[in-house]
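Examination of the molecular architecture
Below are the chains, spelled out letter by letter.
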Amino acid sequence: MKAWGGRFEKRAGVAAEAFTSSISVDARMYAEDIEGSIAHARMLAAKGIIPADEAETIVKALDEIRREIEQGAFEFREADEDIHLNIERRLIEKVGEVGGKLHTARSRNDQVALDSRLYTARCAKAVSGKVETLQRAIIAKAKAHLGAIMPGYTHLQRAQPILFSHHLMAYFWMLQRDRERLGQCARRASVSPLGACALAGTTFPIDPSAVASELGFSSTFENSIDAVSDRDYIVEFIFCCAVLMMHLSRLCEELVLWSSAEFGYIEMDDSLSTGSSIMPQKKNPDVAEIVRGKTGRLYGDLVGLLTTMKALPLAYNSDMQEDKERLFDSSDTVEMCLEACTQMISTMSVNEEQMAANASAGFTNATEVADYLASRGTAFRRAHEVSGRLVRYCKERGVGFADLSLDEFRRFSEKFDRDIYDFLLPETCVRRRSSPGGTSPERVGEQIERAEKLLAALP
Ligand code: ARG
């Protein structure tokens, strides 16, 4: 018989049962459901709502059910709709009538909110841990190639010489913000809704804060209607993952570009590449491409859930049952992608010579020439124009700045001196960009130190 059988003359048809059932999805929250029920049973006993020995019977049976599930011995039934009712059915099978007391002063509406809040907070922490592992891989790579110079790009055009480590570390800080966001998301998810019941609270003298503190929540709800209607914490978690994936997709896009012959900056490890079934020479950076592609899934999950929640009247509506598939898909996808990125970063080989060669071609030192004149009294706009005319002059002759004689330089400005040739070197361009957060080896070294301290300070 259904949990609501009393009111009904007919059973739901098999098609309706299959359509409304969510057990194939929400079985994943069994641990959270059982923890929540144990805390609830103990609170009911502490408040004298059910006898203490009956609460203990319930708790013991719930522990056994957890073991049955973990050993694969639990029979999940579609007819029992979701994880909450499946566990309750088994509880009543095991302990009889007493099992039916567990649902006193509780509804599946606050129960599912509790489970998914616990689950979301845990996912946020797990994802954050994997982000940290990737950050460590980035730092290790940045340290392994501290001196390597590459061209920095804007508009994907060579812009100025930078340290490869500086470029890599940019991703560290993006990921650092992701971790901050995930931490805040976990905190906001950590509000216990148990005790809101269906939507209005209960007639029983419950103690929601006892349940909250037993479950490690930092607070309880203020408004029972909001408590069962709110899914912001899941939206927020998926948003955090979507931004994180946006960052990973940018990293992967660069890894794809850099592994092409056109760039030739890195080579992916064989274990993370595939070949072509027709072109024997190919080595494709599939893993990076797939991470880039999975970003779309996350955006889909985010927009999907936002759309499900849009314009829902208060309080609980079954539409909200769609939330968990999005939540699970997001956390599974993002965790896999983080692991893939960590492996790619740790195992890729870096071609420092190719980077250096590109950094010294393409007039990446043109800003340096302008800065040279500006620091010798020429207005920067004028200096920029002189450097630009020099670029044109060189291009017409098919040469670089360094091929010009001092006389030629002086035809453009008499401020040029012998030392200009020094300034043209990529090493000089990089070393002199020592402003805070800049690309000079000194600044990048400090940056890496700060990053390492941040990770060391993690709880
Ligand atoms: N399976 C439901 C969900 O995932 C649980 C809450 C159901 N409550 C209800 N009154 N149908 O949202």
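Look above for the structure.
Figured I'd write up the structure that's included with this text. (Residues numbered from 1 in each chain as written. Predicted model: local features only at pLDDT ≥ 70, side-chain atom pairs only at ≥ 80, totals over all residues. Heavy atoms only, no water.)

Notes on helix H4 (residues 52-70)
An α-helical turn contains 3.6 residues, so a residue and the one three or four places further along point in the same direction. In this model H4 runs 27 Å from its N-terminal to its C-terminal C-alpha over 19 residues, within 8% of the 27 Å that 1.5 Å per residue would give. By the burial criterion, the buried members of H4 are Glu54, Ala55, Ile58, Val59, Ala61, Leu62, Ile65, Glu68 and Ile69. Following H4 by one or two positions, Gly72 has its phi on the positive side, about 75 degrees. (Helix = DSSP H or I, 4+ residues; strand = E, 2+ residues; numbered from the N terminus. Expected span 1.5 Å × (residues − 1). Buried < 20%, exposed > 50% of the residue type's maximum accessible area, 1.4 Å probe, protein only.)

Regarding the site of the ligand
Neighbouring the ligand are the residues Ser22, Asp26, Asp82, His84, Arg108, Asn109, Val112, Tyr316, Gln321 and Lys324. One of the side-chain nitrogen or oxygen atoms of Ser22 is found 3.4 Å away from a nitrogen atom of the ligand. In this structure, Tyr316 approaches the ligand through a side-chain N or O atom, which is 2.4 Å from an oxygen atom. Broken down by element, the residue count for the shell around the ligand peaks at three residues, all from helix H6 (residues 108-144). Here the residues of the shell around the ligand sort into two nonpolar, four polar and four charged. (Near = heavy atom within 4 Å. Polar contact = N/O pair within 3.5 Å; in protein donor to acceptor, adjacent residues only side chain to side chain. Nonpolar A, V, L, I, M, F, W, Y, C, P; charged D, E, K, R; others polar.)

Let's talk about the side chain of Gln135
Here Gln135 shows up in helix H6. Given a relative accessible area of 0%, Gln135 falls into the buried group. Excluding residues that lie within four positions of it along the chain, Gln135 makes contacts with Phe172, Leu175, Gln176, Arg179 and Leu455. (Contact = heavy atoms within 4.5 Å.)

Observations concerning a nonpolar patch on the surface
Taken together, the side chains of Leu199, Ile225 and Leu314 define a hydrophobic patch exposed on the protein surface, amounting to about 280 Å² of accessible area. Residue position: Leu314 is located in the loop between helix H11 (286-309) and helix H12 (323-347). For Leu314, a relative accessible area of 67% puts it in the exposed group. (Patch = residues over 30% accessible without salt bridge, like charges linked within 9 Å, V, L, I, M, F, W, Y side chains within 5 Å. Areas by Shrake-Rupley, 256 points an atom, 1.4 Å probe, with all protein chains shown as cover. Salt bridge = Lys/Arg side-chain N within 4 Å of Asp/Glu carboxyl O.)

Digging into helix H3 (residues 30-46)
Taking 1.5 Å of rise per residue, the 17 residues of H3 would be expected to cover 24 Å, and the 24 Å separating its terminal C-alpha atoms lies within 8% of that figure. Taking burial as the measure, the 17 residues of H3 include 13 buried ones, the bulk of the element. Directly after H3, the chain includes Gly48, whose backbone phi takes a positive value near 70 degrees.

Some details on the layout of surface pockets
Of the pockets and cavities examined, the largest pocket occupies roughly 900 Å³. Trp4, Thr20, Glu81, Arg108 and Gln321 are the residues nearest the centre of the largest pocket, which is lined by 37 residues in total. For the lining of the largest pocket, the secondary structure elements donating two or more residues are helix H1 (14-20), helix H2 (23-26), helix H5 (83-95), H6 and H12. With five residues, H1 is the single largest residue contributor to the lining of the largest pocket. Broken down by class, the residue content of the lining of the largest pocket amounts to 13 nonpolar, 10 polar and 14 charged. (1 Å grid on protein atoms, 1.4 Å probe; cavity = no way out; pocket = protein on both sides within 12 Å on 5 of 7 lines; lining within 4 Å. Points joined across faces, edges and corners; volume = space filled by probe spheres on them.)

Digging into the pattern of salt bridges
All told, the structure shown has 42 salt bridges when counted by the stated rule. A salt bridge links Arg90 to Glu68; the nearest nitrogen and oxygen atoms lie 2.8 Å apart. With Arg90 in helix H5 and Glu68 in helix H4, this pair connects stretches of sequence that are 22 residues apart. Overall, the relative accessible area of 13% leaves Glu68 in the buried class. The residue Glu335 makes a salt bridge to Lys130 at a minimum N-O spacing of 3.1 Å. On the criterion of sequence distance, the pair formed by Glu335 in helix H12 and Lys130 in helix H6 is long-range, its members being 205 residues apart. The exposure class assigned to Lys130 is partly exposed, which follows from its relative accessible area of 24%. Salt bridges here are not isolated pairs; linked through shared partners, they connect Lys60, Glu64, Glu68, Glu75, Arg77, Asp80, Arg89, Arg90, Glu93 and Lys94.

Focus on the side chain of Ser192
Relative to the assigned elements, Ser192 resides in strand E3 (residues 191-192). If we ignore the near neighbours within four places in the chain, the residues touching Ser192 are Leu114, Ala212, Phe217, Ser219, Thr220 and Phe221.

Thoughts on the packing of aromatic side chains
Inspection of the entire model under this criterion finds 13 aromatic pairs. Summarising the aromatic geometry, the rings of Phe363 and Phe401 are spaced 5.1 Å apart at their centres and angled 75 degrees between planes, so their arrangement reads as edge-to-face. Linking Phe363 in the loop between helix H13 (352-360) and helix H14 (366-374) with Phe401 in the loop between helix H15 (380-397) and helix H16 (406-412), this pair joins segments that are 38 residues apart in sequence. Taken as a pair, Phe363 and Phe401 share a single burial class, namely buried. Judged by centre distance (5.2 Å) and plane angle (75 degrees), the ring pair of Tyr393 and Phe412 falls under edge-to-face. Of this pair, Tyr393 sits in helix H15 while Phe412 sits in helix H16; the two residues are 19 residues apart in sequence, bridging distant segments of the chain. Each member of the aromatic cluster is reached from another via a ring pair, and the members are Tyr153, Phe164, Trp258, Phe263 and Tyr265. (Phe/Tyr/Trp six-rings, centres within 6.5 Å; stacked < 30°, edge-to-face > 60°.)

So, unusual backbone geometry
Residue Ala315 is reached from Leu314 by a cis peptide bond, and omega for that bond is 5 degrees. Looking at the element boundaries, Ala315 is found in the loop between H11 and H12. Of note, the phi angle at Ala105 is positive, near 55 degrees, even though the residue is not glycine. Mapped onto the secondary structure, Ala105 falls in the loop between H5 and H6. Residue classification places Ala105 among the buried residues on the basis of a relative accessible area of 8%. A positive phi angle, near 60 degrees, is found at Leu156, a position not held by glycine.

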